[in-house]
Number of protein chains: 2
Amino acid sequence: MTATRSPGRPRSRGPRGGAADTRGDILEAAAAAFADKGYSAASMREIARAADVDPALVRHYFSSKADLFVAAMRPLAADDARIEALASVPRERLGEQTVRLFLSLWDDPVIGLRLRAMLGSVISIEEIGPAMADVLLRDLLLRIVREDDALMRASACGTQLIGLALGRYVIGLEALAEASDDELAALYGPTLQRYIDGDLTRSG
Amino acid sequence: MTATRSPGRPRSRGPRGGAADTRGDILEAAAAAFADKGYSAASMREIARAADVDPALVRHYFSSKADLFVAAMRPLAADDARIEALASVPRERLGEQTVRLFLSLWDDPVIGLRLRAMLGSVISIEEIGPAMADVLLRDLLLRIVREDDALMRASACGTQLIGLALGRYVIGLEALAEASDDELAALYGPTLQRYIDGDLTRSG
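This write-up is about the structure you can find in this document. (Residues numbered from 1 in each chain as written. Chains lettered and ligands numbered in written order. Predicted model: local features only at pLDDT ≥ 70, side-chain atom pairs only at ≥ 80, totals over all residues. Heavy atoms only, no water.)

**Some thoughts on the overall build of chain A**
A count of helices and strands for chain A gives eleven helices and zero strands. When the helices and strands of chain A are placed in sequence order, the string is α-α-α-α-α-α-α-α-α-α-α. With 204 residues in all, chain A has 55% of them scored as buried. Within the structure as shown, chain A displays about 9200 Å² of accessible surface, and the carbon and sulfur contribution to it stands at 51%. (Helix = DSSP H or I, 4+ residues; strand = E, 2+ residues; numbered from the N terminus. Buried < 20%, exposed > 50% of the residue type's maximum accessible area, 1.4 Å probe, protein only. Areas by Shrake-Rupley, 256 points an atom, 1.4 Å probe, with all protein chains shown as cover.)

**A word on the nonpolar core**
Across soluble globular proteins, you tend to see nonpolar side chains buried next to one another. Counting residues in each nonpolar core, the largest one holds 149 residues, and the members touching the most others are A:Leu68 and B:Leu68. The contacts of A:Leu68, once residues within four sequence positions are left out, are A:Ile26, A:Leu27, A:Ala30, A:Phe34, A:Met44, A:Ile47, A:Val58 and A:Phe62. (Core = buried A, V, L, I, M, F, W, Y, C linked by side-chain atoms within 4.5 Å. Contact = heavy atoms within 4.5 Å.)

**Examining the interface of chain B and chain A**
Facing 39 residues of chain B, the contacting portion of chain A comprises 39 residues. A combined buried area of about 3200 Å² lies between chain B and chain A, and 71% of that area is made up of carbon and sulfur atoms. A per-residue breakdown of the area chain B buries against chain A is headed by B:Thr159, B:Ile171 and B:Leu187, which together make up 18% of the total. Counting across the chain B and chain A interface gives zero salt bridges. Taken together, the links from chain B to chain A amount to twelve residue pairs in polar contact (both at pLDDT 80 or more). Taken together, the elements giving at least two residues each to the side of chain B that touches chain A come down to α7 (109-124), α8 (129-144), α9 (150-170), α10 (174-177) and α11 (181-197) of chain B. With twelve residues, α9(B) is the largest single contributor of residues to the side of chain B that touches chain A. (Buried area = accessible area lost by both parts, 1.4 Å probe. Salt bridge = Lys/Arg side-chain N within 4 Å of Asp/Glu carboxyl O. Polar contact = N/O pair within 3.5 Å; in protein donor to acceptor, adjacent residues only side chain to side chain.)

**Observations regarding the side chain of B:Arg114**
Residues and elements named next belong to chain B. Position of Arg114 among the secondary structure elements: in helix α7. Take Arg114: its relative accessible area is 16%, and that puts it in the buried class. If near-sequence neighbours (up to four positions away) are discounted, Arg114 is found in contact with Glu28, Ala31, Ala32, Ala35, Met73 and Leu76.

**As for the pattern of salt bridges**
Per the counting criterion, the structure on display carries 20 salt bridges over all chains. Put simply, A:Glu46 and A:Lys37 hold a salt bridge, and the shortest N to O gap is 2.7 Å. B:Asp107 is the partner of B:Arg168 in a salt bridge, and the nearest nitrogen-oxygen pair spans 3.9 Å. Of this pair, B:Arg168 sits in helix α9 while B:Asp107 sits in helix α6 (residues 94-107), and the two are 61 residues apart along the sequence. Owing to a relative accessible area of 11%, B:Arg168 belongs among the buried residues under this scheme. With a relative accessible area of 43%, B:Asp107 lands in the partly exposed category.

Below you can see the structure in the form of structure tokens.
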């Protein structure tokens, strides 16, 4: 049981019984289950049990496990308060600040664990990779990039950030695991900054 | 049966019966099996059968499946002819040429399939990630980088290249999948070039 429920609230028995935050309870239980067991081992039935709702209700909101996964992981990319904070950063420091935001998410004990589960599943489960990539682009990166070729720029940012997460947090490359946030901001900030607003047509 | 054997050569029955290229046959069979079925589903017994050798001989050469995996995938990172070719490139074009070499490996039908298998396993199987990262660094990237902080520089190159492979070949991000080699060399070349020999201490 990871989801909390208001005392006295009647237990939902079907789509019509779903209270306002039932969907939220399901998402919270799903995020915890996917982080805990991985995408393949977590089941919709089990998630329903953890959220204290009928399995039919889970299927009412989410037509497949892949749908549920994407919805549960979505808030990780769409952390509005943090993304809003980026809006007040001078544009020439966006690269560095995006790196710092990304590191703070991965270093958060709860969020980091979920991001790790998400990354592993996105890579190994073919059916969710494109959907999650879409979330990362639309909910996070395309809100930072405003220049022409926004999709290419946002995609380039995504490849560097995902590679950083893999190298530092999943594989544990020594040089990156030992580096401070300041060092990583200095290393990767200019890369992101160029992808956000630099000239991408000259290879020299 | 993926490995070919000289006609009339006696079948190996144990460590002492191993002919000069038995180890090579095992590695070839292993690379094919891992690319075909993935790390978890491929078994050492099955690889022995495909290489037409006794399973005990496989265990003589490789103490574990993880060892065998790393050895089988190693030639992908240590393609000497291609890496030697990089040695004759002017150093200011190394970034761009490293991106082009990387793309040519992933676009090769046989090598690309094996790289994809390798990447999926490195990320999802904890026991092989660090070993394969070590291969990527020592066999490829540390042979390109000669500057101070070589390990940090090579690691940074690795994160961008792995992120590119994931985005373009595994997840299939539209903007990257549709981009030409020239466009990708222009996009990622300067990033690699800076990681190889640029100033990594300024974040602006």
